[in-house]
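Per-entry structural report
The primary structure of each chain is shown beneath.
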Amino acid sequence: MRPLTAALLTAAIAATGIVAALAVAARGQDTGDPPAPDTARSQRADPPDPSYWTPERVRDVRPAPMPTDPRAGGGRQSPP
């Protein structure tokens, strides 16, 4: 049983080394394309336009409604 265990352990270590070497080699390949952003364009917000908030808009803006407290019993609660 010991020779089989040693052989399996040696094979597992060798396979791990091969997989690690392949991962390093694949990471080093340069395709020439620019790197992709972490988030899709649809998930990013454009910077705010400072000219939007004119004095009239600031004066006439309505406050946002306060969120309800789900522990109070009247609010919606997201699923766990």
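Right above here is the structure, for reference.
Residues numbered from 1 in each chain as written. Predicted model: local features only at pLDDT ≥ 70, side-chain atom pairs only at ≥ 80, totals over all residues. Heavy atoms only, no water.

Here's the deal with the overall build of the protein
Regarding its fold elements, the protein presents two helices and zero strands. A buried classification covers 1% of the 80 residues belonging to the protein. Total accessible area on the protein stands at roughly 8100 Å², and carbon and sulfur atoms take up 62% of it. (Helix = DSSP H or I, 4+ residues; strand = E, 2+ residues; numbered from the N terminus. Buried < 20%, exposed > 50% of the residue type's maximum accessible area, 1.4 Å probe, protein only. Areas by Shrake-Rupley, 256 points an atom, 1.4 Å probe, with all protein chains shown as cover.)

Section: the pattern of salt bridges
Taken as a whole, this structure holds one salt bridge when the rule is applied. Across the salt bridge formed by arginine 59 and aspartate 60, the nearest N and O atoms sit 3.1 Å from each other. (Salt bridge = Lys/Arg side-chain N within 4 Å of Asp/Glu carboxyl O.)

Some words on the packing of aromatic side chains
Evaluated as defined, the whole model comprises one aromatic pair. When the ring of tyrosine 52 is compared with that of tryptophan 53, the centres are 5.1 Å apart and the planes differ by 90°; the resulting orientation is edge-to-face. (Phe/Tyr/Trp six-rings, centres within 6.5 Å; stacked < 30°, edge-to-face > 60°.)

Comments concerning a nonpolar patch on the surface
Residues Tyr52, Trp53, Val58 and Val61 make up a contiguous nonpolar surface patch of about 410 Å² in total accessible area. Its location among the elements puts valine 61 in the segment after helix H2 (55-60). (Patch = residues over 30% accessible without salt bridge, like charges linked within 9 Å, V, L, I, M, F, W, Y side chains within 5 Å.)

Section: the environment of arginine 59
Topologically, arginine 59 is positioned in helix H2. According to the relative accessible area criterion, arginine 59 is exposed, its value standing at 60%.

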